[in-house]
Amino acid sequence: MGAKTQPQTLQMGVDSQLTDRALRALLKHHESSSSEKELLGNDLDVQVQFSLARIPGSPSPKPIRIEIPHPLFKVASSSDNGDAMDEDDDNLQDVEACLIVKEESKPWVQEMIAKFPEQLGCIKKVLGLQSLRKKHKSFTQRRELLDRFDVFFADDRILPMLTKALGGKFFDKKKQPIPVKLTRKEALPFAIQKCLTSTFMYLSAGTCVTIKAGNTAMSQKKLLSNIQSICSIVPTKVPRKYANIRSISIKTTASVALPVYNKTPEELEEIMELAKEKKPIVDKEEETEDDKGSKKRKVAAATSPLAKALKKQKAVEAKESDKLEDEVAEKPKKSAKKAKTPKSTKKKSTESISSSDVVEEAAVETPKVEEAAAKTAAKTPKSSK
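Residues numbered from 1 in each chain as written. Predicted model: local features only at pLDDT ≥ 70, side-chain atom pairs only at ≥ 80, totals over all residues. Heavy atoms only, no water.

Q: I would appreciate a short explanation of the sheet that holds strand β8 (residues 208-215) in the present structure.
A: By way of backbone hydrogen bonds, the strands of a sheet pair with one another, either parallel or antiparallel. Taken in spatial order, the 4 strands of this open sheet run β8-β1-β9-β10, and their pairing is antiparallel. Each end of this open sheet is capped by a strand with a single partner; those strands are β8 and β10 (258-262). On average, each strand axis in the sheet is inclined to that of its neighbour by 20 degrees, with strand direction left out of account. Summarising the sheet, strand β9 (residues 245-252) and β10 pair through 4 bridges and their orientation is antiparallel. Counted as the bridge partner of isoleucine 250 is leucine 258 from β10. (Pairing = 2+ DSSP bridges. Helix = DSSP H or I, 4+ residues; strand = E, 2+ residues; numbered from the N terminus. Axes fitted to C-alpha atoms, helices over the stretch in contact; angles between N-to-C directions.)

Q: Would you mind showing me how to read unusual backbone geometry here?
A: Among all residues except glycine, the phi angle is most often negative; among peptide bonds, the trans geometry is most common. Positive phi, normally seen in glycine, also occurs at lysine 174, with a value near 55 degrees. Lysine 174 sits in the partly exposed class, given a relative accessible area of 39%. The backbone of lysine 241 sits at a positive phi, close to 55 degrees, despite the residue not being glycine. In this structure, lysine 241 sits in the loop between α11 (220-237) and β9. (Buried < 20%, exposed > 50% of the residue type's maximum accessible area, 1.4 Å probe, protein only.)

Q: Explain the pattern of salt bridges here, please?
A: Think of it this way: side chains of opposite charge can pair up when their charged atoms draw near. In total, this model carries 6 salt bridges according to the counting rule given. A salt bridge links arginine 24 to aspartate 20; the shortest N-O distance between them is 3.6 Å. Residue arginine 24 and its partner aspartate 20 are located together in helix α2 (residues 16-37), separated by 4 residues, close to a single helical turn. Two residues, glutamate 67 and arginine 65, come together in a salt bridge whose shortest N-O distance is 3.4 Å. Overall, the relative accessible area of 28% leaves arginine 65 in the partly exposed class. (Salt bridge = Lys/Arg side-chain N within 4 Å of Asp/Glu carboxyl O.)

Q: Explain the environment of leucine 223 here, please?
A: Residue placement: leucine 223 occurs in helix α11. A relative accessible area of 0% means that leucine 223 is categorised as buried. Sequence spacing of leucine 223 and aspartate 20 is 203 residues, and the spatial spacing of their C-alpha atoms is 9.4 Å. If we skip the residues at most four places from it in the chain, leucine 223 touches Leu23, Leu27, Val46, Ala213, Gly214, Asn215 and Met218. (Contact = heavy atoms within 4.5 Å.)

Q: Sorry if this is basic, but what is going on with the sheet that holds strand β5 (residues 151-155) here?
A: A sheet is described by the order of its strands in space; here 4 strands give the open sequence β4-β3-β5-β6, paired in parallel fashion. Strand pairing shows two members of the sheet lacking a second neighbour, β4 (123-128) and β6 (178-180), which therefore form its edges. In this sheet, neighbouring strand axes are inclined to one another by 25 degrees on average, regardless of whether the strands run parallel or antiparallel. As paired elements, strand β3 (residues 97-101) and β4 share 5 bridges and run parallel to each other. Its bridge partner lying in β4, leucine 99 is registered against valine 126.

Q: Sorry if this is basic, but what is going on with the packing of aromatic side chains here?
A: Note on aromatic pairs: each is described by the distance of the centres and the angle between the planes. For the structure on display, the rule yields 2 aromatic pairs. For the ring pair phenylalanine 149 and phenylalanine 152, a centre distance of 5.9 Å and an interplane angle of 75 degrees mean the geometry is edge-to-face. The pair formed by phenylalanine 149 and phenylalanine 152 is uniform in burial state, with each residue classed as buried. Ring centres of phenylalanine 152 and phenylalanine 170 lie 5.2 Å apart, and the angle between their planes is 75 degrees; this geometry places the pair in the edge-to-face category. Taken together, the positions of phenylalanine 152 in strand β5 and phenylalanine 170 in helix α9 (residues 168-172) put the pair 18 residues apart, joining distant regions of the chain. In this structure, phenylalanine 152 and phenylalanine 170 share a single accessibility class: buried. (Phe/Tyr/Trp six-rings, centres within 6.5 Å; stacked < 30°, edge-to-face > 60°.)

Q: How should the pairing of β3 be read in this particular structure?
A: The side chains of a regular strand alternate between both faces of the sheet. Most of β3 sits out of view: 5 of its 5 residues are buried. Alternating positions in β3 separate into two faces, Ala97, Leu99 and Val101 on one and Cys98 and Ile100 on the other, with burial throughout. The sheet contact formed by β3 and β5 spans 4 bridges and is parallel. Across the sheet, residue leucine 99 finds its bridge partner in β5, namely phenylalanine 153.

Q: What am I meant to see in the layout of surface pockets here?
A: Looking at the largest pocket, its volume works out to about 570 Å³. If you trace the largest pocket, you find 23 residues lining it, with Phe73, Asp150, Lys174, Tyr202 and Lys212 closest to the centre. Elements with a contribution of two residues or more to the lining of the largest pocket: β1 (45-52), β5, α10 (188-196), β7 (198-203) and β8. When residues of the lining of the largest pocket are assigned to their parent elements, the largest contribution, 4 residues, is made by β7. Here the lining of the largest pocket is composed, by residue class, of 11 nonpolar, 6 polar and 6 charged. (1 Å grid on protein atoms, 1.4 Å probe; cavity = no way out; pocket = protein on both sides within 12 Å on 5 of 7 lines; lining within 4 Å. Points joined across faces, edges and corners; volume = space filled by probe spheres on them. Nonpolar A, V, L, I, M, F, W, Y, C, P; charged D, E, K, R; others polar.)

Q: Looking at this structure, I do not really get the environment of leucine 26. What am I missing?
A: Along the chain, the position of leucine 26 falls in helix α2. In sequence terms leucine 26 and lysine 251 are 225 residues apart; their C-alpha atoms lie 7.1 Å from each other. If we ignore the near neighbours within four places in the chain, the residues touching leucine 26 are Val46, Ile250, Lys251, Thr252, Ser255, Val256 and Leu258.

Q: Even after reading the chapter, I still don't get the environment of lysine 237, so can you show me in this structure?
A: With respect to the helices and strands, the residue lysine 237 is situated in helix α11. A relative accessible area of 40% means that lysine 237 is categorised as partly exposed. Measuring from C-alpha to C-alpha, the distance between lysine 237 and isoleucine 66 comes to 9.2 Å, with 171 residues separating the pair along the chain. In this structure lysine 237 touches Ile64, Arg65, Met201 and Leu203, once residues within four positions along its chain are discounted.

Structure follows, in structure tokens:
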């Protein structure tokens, strides 16, 4: 029973009562520290901090959108929702955004801002990519641009080009541009409002992930609902999901982190028991596969590139062995042919013997012919006289 309850507790998230108590303590600490300083407008961000068991394999500076029930900024859709406007909506920050686009998209984007002032009125500047590279070359110009706006949006088609054009300060302060699709002109107001009503997560090359859930000016109820939604969505966006979450804490930018979830050694032992229970099942499957002739293994091995290379090598070796067998089979035939050849040599030898006899006879007869010719030569002078 304990092994089955482990995934459910992880998927349900943190305990709401524990989170409520930690949030109350956090807000009380902020009130006490602010009353001592007696400063106005000293609201701080409330953050949810996740500690991972393993470092993400592929960290990315691209922001990951996380939906929350209560927005962090003043948006046009806040008054159109089912909930009536509260006093907290007046305390929300008026956002000033900058939209970075291609130079050819700049005219129609400005027309859309004039056409939809309620949804796109937060965009105070439309900046082209070429003007960004020319007018904001130095470090001081980029820092002024960073401090001037709260949020930066960018066309998703030029997002890879902005890392060098903006510099590292934007990524250090987590103000890197939020990608927006500008392929459909009519969808621009909805895309901007959707981004403003959400918070964003950044996966860095470390084990700590911090996400903004609101500020101390918001009510405790809204902060609690935002924190709960973040705690339920973020584990699904992290590599290895719930198994990679080691602890969850809430904090402000000027306070210590208060833990609301911590993976205890007992939970780790339950996970180990689950892993041990699964091992014998794998062994049985392997035994049954061995009894059946390891058909599944053969199928899996046939698809691997190594198996394909081995098959080709075997085919080449089989062809070479066939050639060798053919050559071996042809050798006795050749030897048999060679065995037949001496008979013909005998005939040739008899023929050569007979021809030699003829030559010898001709050689015996030649002296006789020479003697007859000599006699005739001796007789001729007499006839001439």
